[in-house]
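As a plain string of letters, each chain reads:
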Amino acid sequence: MATLLLTGAAGRIGTALRPRLRSAGHDLVLFDEREPDGPVGDGERLVTGSVADPDALDVALAGVDTVVHLAGIPTEDAWDDLVAANLTGTKNVLERAAAAKVTRVLLASSIHAVGRVPEPEGAAGSIPGDRLPRPDTYYGVTKAAMELLGSLFADRFDMSIVSARIGAFGERPSSRRALRMWTSADDLARLVEATVALRDPGHHVVWALSRNQESPADLGAGERIGFVPVDDATAVLDADARAALPDEDMRWLGGALADVPLGRRAP
Ligand SMILES: NC(=O)c1ccc[n+]([C@@H]2O[C@H](COP(=O)([O-])OP(=O)(O)OC[C@H]3O[C@@H](n4cnc5c(N)ncnc54)[C@H](O)[C@@H]3O)[C@@H](O)[C@H]2O)c1
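The model shown is predicted, which means the values in this text are computed figures rather than measured ones.

## Side note on the sheet that holds strand E1 (residues 3–7)
The pairing of strands in a sheet comes from backbone hydrogen bonds and takes either a parallel or an antiparallel form. Overall, parallel pairing links the 7 strands, which are arranged E3-E2-E1-E4-E5-E7-E10 in an open sheet. For this open sheet the edge positions go to strand E3 (44–48) and strand E10 (202–208), each flanked by a neighbour on one side alone. In this sheet, adjacent strand axes meet at a mean angle of 20 degrees when their direction is disregarded. Of the pairings in the sheet, the one linking strand E2 (residues 27–32) to E3 comprises 5 bridges and is parallel in character. Looking across to E3, one finds that aspartate 32 is bridged to threonine 48. Where helix H6 (residues 185–196) meets the sheet, it contacts E1, strand E4 (66–69), strand E5 (104–110), strand E7 (160–166) and E10, and its direction lies at approximately 145 degrees from that of E5.

This is the structure in structure tokens:
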């Protein structure tokens, strides 16, 4: 079993991953600039700090073998804030991980790195996980650049790095678009397990999506590193629940965020 550092552990995804990774037998270091909502349990160690602070990262990285880097701003926002949190923060995490000889890292990239790909371009299963970036926002630009940092550190330090293009994350699909782009918490935990199992150095850009029936995503890049998602957004909701889902802009992969004003905090 591994000892995993979860940056951004107090956030939505970190909170959902914690019990799943603990019940798989992993020990966790929880790192965030704010306290998590729930109590810190057995097999968990809390380090409060910012990814802007290399010393705090060094404390968090002690005894860790895999990093799951979630900390950052998860939506459109002011350019300088996004660059500081998402890009410089990721550079710091990778630098300190390399210095600590922690060689496996999952980076929380996003569908918004390719959010301006027109959805009609994607027949079912046709868009590869490592498609060339086509970001929809400044947020998406920071996620695409995060992937480049993953490539750089994998090459320079023989690290195994997964840039995970996460979709509409949630316990349940919450919009019509999420029927195609849902990322279930269980499937994301499966991708963490695949990252923990990596032994060869390299950088892998993959879809971190569930196996949604009508998704335009080609899941092959993830499958090649042992990530086999099993959940299907259509199957977890009955027909009435699906019909009641709110509509969302479906012109681009990035949905509604693909058309928000640049540089302003999006809801
Ligand atoms: N939720 C989604 O649907 C989704 C989709 C694609 C990608 N992502 C990415 O996954 C990651 C986690 O998303 P989330 O939904 O849990 O977001 P969230 O906002 O709920 O959690 C992010 C956490 O990071 C922490 N954080 C922010 N800046 C920090 C800093 N400088 N130092 C330390 N901690 C800091 C926050 O306190 C927060 O707890 C983000 O990087 C996001 O871009 C999320």
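## Regarding the nonpolar core
Counting residues in hydrophobic clusters, the biggest one holds 31 residues, and the most contacted among them are Leu17, Ile166, Leu188, Leu191 and Val192. Counting residues per element, the ones that place at least two in this core are E1, helix H1 (12–23), E2, E5, E7, H6 and E10. Looking at this core, the element that brings in the most residues is H6, giving 7 residues. With 25 residues, the next largest nonpolar core counts Val29, Leu94, Phe153 and Met159 among its residues.

## Description of the pairing of E10
A large share of E10 lies buried, amounting to 5 of its 7 residues. In terms of strand pairing, E7 meets E10 through 7 bridges, oriented parallel. In the sheet register, serine 160 faces E10, and the bridge partner there is glycine 202.

## A look at the pattern of salt bridges
Taken as a whole and judged by the stated rule, the model has 17 salt bridges. In this structure, arginine 20 engages glutamate 171 in a salt bridge whose closest nitrogen and oxygen atoms are separated by 3.2 Å. Residue arginine 20 is located in helix H1, and its partner glutamate 171 is located in the loop between strand E8 (168–169) and helix H5 (178–181); the two are separated by 151 residues in the primary sequence. Of the charged contacts, one joins aspartate 249 and arginine 251 as a salt bridge, the two residues approaching to 2.6 Å between their closest N and O atoms. Within the structure, one salt-bridge network assembled from shared partners comprises Arg116, Asp249, Arg251 and Asp259.

## Re the site of the ligand
With respect to spatial proximity, 24 residues lie near the ligand, and among them Arg12, Ile13, Asp32, Leu70 and Tyr139 are the closest. Contacts to the ligand include tyrosine 139, whose side-chain N or O atom sits 2.6 Å from an oxygen atom. Relative to its unbound accessible area of 820 Å², the ligand is 88% covered by the protein chains. At the level of secondary structure, the elements contributing two or more residues to the shell around the ligand comprise H1, E5 and helix H4 (138–157).

## Some thoughts on the environment of alanine 243
Tracing the backbone through its elements, the reader meets alanine 243 in helix H9 (residues 239–243). Assessed through its relative accessible area of 51%, alanine 243 is described here as exposed. Taking the C-alpha atoms as reference, alanine 243 lies 34 Å from glycine 38; in sequence the two are 205 residues apart.

## Notes on the packing of aromatic side chains
Summed over all chains, the structure comprises 2 aromatic pairs. Judged by centre distance (5.2 Å) and plane angle (75 degrees), the ring pair of tryptophan 79 and tyrosine 138 falls under edge-to-face. One end of the pair, tryptophan 79, is in helix H3 (residues 79–99); the other, tyrosine 138, is in helix H4, and 59 residues separate them in sequence. A relative accessible area of 39% means that tryptophan 79 is categorised as partly exposed. The class of tyrosine 138 is partly exposed, set by a relative accessible area of 30%. Between phenylalanine 153 and phenylalanine 157, the aromatic rings sit 5.4 Å apart at their centres with planes inclined by 25 degrees, giving stacked as the arrangement.

## Some remarks on the packing of helix H2 (residues 54–61) against H3
The geometry of H2 relative to H3 is characterised by a closest axis approach of 10 Å and an angle of 50 degrees between their N-to-C directions. As summarised for this structure, H2 and H3 are arranged oblique, according to the angle between their axes. Judged by the twist between their axes, the crossing of H2 over H3 is right-handed. Contact residues: H2 offers Pro54, Leu57, Asp58 and Leu61, while H3 offers Asn92, Val93, Arg96 and Ala97. Here the residues of the contact of H2 with H3 are counted per class, giving 5 nonpolar, 1 polar and 2 charged.

Analysis parameters
Residues numbered from 1 in each chain as written. Predicted model: local features only at pLDDT ≥ 70, side-chain atom pairs only at ≥ 80, totals over all residues. Heavy atoms only, no water. Pairing = 2+ DSSP bridges. Helix = DSSP H or I, 4+ residues; strand = E, 2+ residues; numbered from the N terminus. Axes fitted to C-alpha atoms, helices over the stretch in contact; angles between N-to-C directions. Contact = heavy atoms within 4.5 Å. Core = buried A, V, L, I, M, F, W, Y, C linked by side-chain atoms within 4.5 Å. Buried < 20%, exposed > 50% of the residue type's maximum accessible area, 1.4 Å probe, protein only. Salt bridge = Lys/Arg side-chain N within 4 Å of Asp/Glu carboxyl O. Near = heavy atom within 4 Å. Polar contact = N/O pair within 3.5 Å; in protein donor to acceptor, adjacent residues only side chain to side chain. Areas by Shrake-Rupley, 256 points an atom, 1.4 Å probe, with all protein chains shown as cover. Phe/Tyr/Trp six-rings, centres within 6.5 Å; stacked < 30°, edge-to-face > 60°. Parallel < 35°, antiparallel > 145°, perpendicular 65-115°, else oblique. Left-handed = near helix turned anticlockwise from the far one by under 90°. Nonpolar A, V, L, I, M, F, W, Y, C, P; charged D, E, K, R; others polar.

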